[in-house]
Amino acid sequence: MHRLPIIAFNFATPALLWGLALASAPIIIHLLNRRKFRETQWAAMRFLLAAVRKNSRRMRIEQLILLAVRTLLLLLFVLALAQPLVEQLSAFFQPARPTHRIIVIDASLSMGYQARDAALFDRARETARGIVDAARQGDAFNLVRLSNLPPAVIVPTPAYQTAKVIEEIEQMQLPHGRGNLLACLEKTEGLLKTAPDLPQKEIYVISDFQRATWTTDSPDDATRLKGILRRLGEAGRLVLIDLGQPEAANMAVTSLENVDSLVTTTRPTRFRAALHNYGLERVTGRVVELRVDEKLVEQRAVEVNAGAEIIEDFSYSFTSGGEHRVEVRLQADRLPLDDQRWLAVPVRERLRVLCVNGRGGSSAAGRASDFIELALSPFTDSNGPARVPLRGQIEPVVVNEGELQSLDLSQYDCVIFCDVRLFTDREARSIETYVRAGGGVVWCLGDQVSAENYNQTLFRDGAGVLPARLGDRRGDPEKRDESFGFDPGEFLHPIVNAFQGNPAAGLETTQTYAYLQTVLPARSRAKVALRFDSGDPAIIEAQVGAGRSVLIATSADERWGLWPLWPSFLPMVHEIVQFAVAGRTGERQQLVGEPLSAVFAAPAIDVDVSVMRPDGQAEPVRITPVDALSQFSFDGTVTSGIYEVHFGHPLSRTELYAVNCDPKESNLVKLVEEELAQELLPGVEHEYETSWQERSDAAPLTPAAHRGGLTRWLLYAVLYLLFVEQLLAWDFRKGLWLLCPPVLVFDLMTRMRRAA
Amino acid sequence: MENYQKYLNPETLAQLHGLELQARLIVEGYVSGLHKSPYHGFSIEFAEHREYVPGDDLRYVDWKVFGKTDRYYLKQYEEETNYACYFLLDCSESMLYKSEASAVNKLQYAQLVTAALTYLVLKQQDAVGLATFDTGVRNFVRASSHPSHLKQLCHVMDVSPAQGETSLGPILHDLAERIRKRGLVVIVSDFFDDLPTLMLGLKHLRHRRHEVLVLHVIDPAEQDFTFVDPTLFKGLEQLPEQMTEPRSLRKAYQREFEAFLTQLQRGCRDLHMDYALLRTDQPLDVALRTFLAGRASRLHRT
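Chemist: I'd like a rundown of a nonpolar patch on the surface, residues and numbers included.
Modeler: A surface patch of nonpolar side chains, amounting to about 210 Å² of accessible area, comprises Leu-20, Leu-72 and Leu-75 of chain A. Within the secondary structure, Leu-75 of chain A is located in helix α2 (residues 45-81).

Chemist: I'd like a description of the sheet that holds strand β9 (residues 251-258) of chain A, backed by residues and values.
Modeler: All names here are of chain A. Pairing is antiparallel in the open sheet, where three strands are placed in the order β9-β11-β14. On the outer flanks of this sheet lie β9 and β14 (309-316), each paired with one strand and no other. For this sheet, the mean angle separating the axes of adjacent strands, direction not counted, is 20 degrees. In terms of strand pairing, β9 meets strand β11 (residues 269-277) through seven bridges, oriented antiparallel. Bridge assignment links Ala-252 to a residue of β11, and that residue is His-276.

Chemist: Before we move on, can you summarise the interface of chain A and chain B with the specific residues and values?
Modeler: Frequently, the measure chosen for interface size is the accessible area removed from exposure when the parts meet. Taken residue by residue, the interface counts 24 residues in chain A and 36 residues in chain B. Carbon and sulfur atoms supply 65% of the area buried between chain A and chain B, which totals about 2,800 Å² over both sides. Per-residue buried area on chain A facing chain B is highest for Arg-38, Trp-42 and Phe-47 of chain A; these three make up 26% of the total on that side. Taken together, the links from chain A to chain B amount to three salt bridges. With a closest N to O distance of 4.0 Å, Arg-38 of chain A and Glu-100 of chain B form a salt bridge. Inspection of the region where chain A meets chain B yields eight residue pairs in polar contact (both at pLDDT 80 or more). Broken down by secondary-structure element, the contributors of at least two residues to the side of chain A that touches chain B are β2 (38-42) and α2 of chain A. At 14 residues, α2 of chain A tops the list of elements feeding residues into the side of chain A that touches chain B. The residue makeup of the side of chain A that touches chain B, split by class, is 13 nonpolar, four polar and seven charged. For β2 of chain A and strand β8 (residues 231-235) of chain B, the ladder comprises five bridges, and the chain directions are parallel. Within the sheet, the bridge partner assigned to Arg-38 of chain A lies in β8 of chain B and is Thr-231 of chain B.

What counts and how
Residues numbered from 1 in each chain as written. Chains lettered and ligands numbered in written order. Predicted model: local features only at pLDDT ≥ 70, side-chain atom pairs only at ≥ 80, totals over all residues. Heavy atoms only, no water. Patch = residues over 30% accessible without salt bridge, like charges linked within 9 Å, V, L, I, M, F, W, Y side chains within 5 Å. Areas by Shrake-Rupley, 256 points an atom, 1.4 Å probe, with all protein chains shown as cover. Salt bridge = Lys/Arg side-chain N within 4 Å of Asp/Glu carboxyl O. Helix = DSSP H or I, 4+ residues; strand = E, 2+ residues; numbered from the N terminus. Pairing = 2+ DSSP bridges. Axes fitted to C-alpha atoms, helices over the stretch in contact; angles between N-to-C directions. Contact = heavy atoms within 4.5 Å. Buried area = accessible area lost by both parts, 1.4 Å probe. Polar contact = N/O pair within 3.5 Å; in protein donor to acceptor, adjacent residues only side chain to side chain. Nonpolar A, V, L, I, M, F, W, Y, C, P; charged D, E, K, R; others polar.

Here's what the structure looks like:
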């Protein structure tokens, strides 16, 4: 191993070293003094002689010591003038040169933990203030926030005025996001270069060193992180100030979802909340509340074992449509920010479904869409003359394919195409616009379907709305010599999920005699929801823009199989429609830091959109055109809660968005000092403290950055020796006390012994 | 009226010539400085019979006169009028030392003191004798109370050269034998001599029942040792020279010197002798006061 020398001197002005010759001056003066002296007659010679006889030995030693002190004094003085640059030096020499200090404050959610007196974040700010307050003249500061939310760098240019930095620290608020360690440290490393005139660097990292923030997911990131930390450690003094609380208990609501993807007023909606106890002790009697539209609707006490997660199901029936806010709130603990979770629930009173019929017919259920229509809205009494549809949640509207061109699709939540022969480019474009703006389409195939036209106008090599390329037909519906059943696999997809453990629904016993083989494009986002037992996909869904497109590979009437007559058909159609319209209500749940966005049809470009934050502040949002659509995007989601998005005229509606904390921040397990040193900073020189204080007892300094401290110390030594020299010349014994304190102790002891 | 008090200052006196004049000025200066002499009434200037008044000490009544005249007269100061005061003046080489701080050397100072006291004593019509000495007795003037005696004594002092070493012990033995009549012996010297032999000499004087007043004349530098630079000290009285760094030696020297002073003072006290340390930078009234105070105490003792 290469060993560095302990001390390596380099002199800024070596020429001044000639001054070392000065050190011989006292010796020369001493020698000259022996020749140059006064003469005097002296009467009291007998006393002088006696004194000399008794003290000559002592006087000679004293003279030698005095001579040595004087020589050393000049020696040090010359060395100090020569300005030694200390390449590497022990901690003894403290520099006083202006320092470039970069303060990194952890602003992840876990810093909201309420320690004994204040939140960790407040303590971090207080600590940062202390560091800034202790600044010396000429020190420069940068302030960095460890957060995944912008801005990461709060004071980007080195600030020499501490008041400005303190003001920035005072104004810092704790966002509810996570910490993006890598990005933050990379920015910190970049800041090191912003003050090239201050070679002395100090980096303070104030954090709770939560494991979730300070460990990386991939080995590559871990290597990068170690590399950055090593470079920071080499660039200057790296101080880690750990405010974290070991074994901090915390309980959090880690998820909240509505079990039904479509919420209507006709049936109760189920909500599922996950409560996690991250502490080391069992929690009992903690109250959890369900609030809808800020009103308490249900309250119960829960018990959670240490480290365990429980699922709590709630049920609620909405009486009116529109936007509703649902909140699950846990009795607050030390980290209150993650004790509540929101859900924005758009409730529909009625779904409008457009069925486009590709094949007309006069007989009962002769049209391609008849079974679908019946499944969507069953009649109350099929025997009666007045067939009144059941007042359900879905309102089907049936049109023929020729009418498609004249309809405004955006009036409908879902469009189901039943055995439509072919689409013109214009139709395809309008359907695509509709889907990308959040609409849902379902494609049911049949005899008339022209696979070639579908592939050309709708699939467009994966760029269109059709999730898969259509291929050849398999099976013969006329002969019906070959039948295919459904294979739902593990029932993983939401469409078939409801059939799990429900064999009476008859999904697996459904028989189909013919279907079109489909080919999923490579790297497609399309998913197969259901397969035939031959292995070919039966139902494929894909997200297109904000909307969803579902392809059913067989027909929705009885021509290609018995499915529409089978019990599984009706629930399946409902499930498919519910799935397809999910895009209509949009993605309303986001994590802190993720943008809120929605897509509209073209005229929305003229709409004024503003977002009201949870704290009541409204903020206008810019709308950008995307292809033929308009999109709004709001990325100021710094706190958790419900965000209200107001769309002005002509849309004139309000949508709610729930922004929640990342549950990873709730786990307060932290890295202890040893783990930090071993896992993140192996071989990196750093300081670890649990609270900050002005360095009077500062730990060793890192090399290279600390130059010029020696000159000061040399001059101090010169001053000290000057004083000692004067004292020695005046009263040698007292001078000796200063030069060698044990002599003082010895003298005092002697005196005390004499006194005794 | 001329301010005589300034003549108590050795610096002023050094500017004057003639020891006699100096002596007179000193005494005038001293006496004029006193509002009322505490020694008034005991001085020798009233050395005559005085009629008894009630309250007078009966011990001083002259019974012979009473026998003759049947009147009470006080026979004051009969002893004093016959009192002989001998001054022993050290004229050795060491007395020549003069530091920068003082205006006169030790010998000059001793001469001033001697002359002043001589003047004072003669003015009181007592007899004064003088002996100057170095290694041996150089001059010896018998005691006389004649006013013109002052002139002779001053002359002797003026012409006595400073030379040789001090060897007080034998000299004191010698003088103790020479001075027959019991009286006051004032020794003015720096006493840089072997202390045991000196003490023996003093004891001899005391044995002869002389009152002894020791006036120890030293130069301030000898006590304070104020030298700073390296100095070559050349010994007077044939002592070797010594090169030294005075600053580092000061304490040791002062210890030696103070030990010497203490021993001398203790010796004098043991022998019931009056002792006064005279520094040549001090005004002369110290010597006069010591002398007169000694006289007063002796009067009270007898």
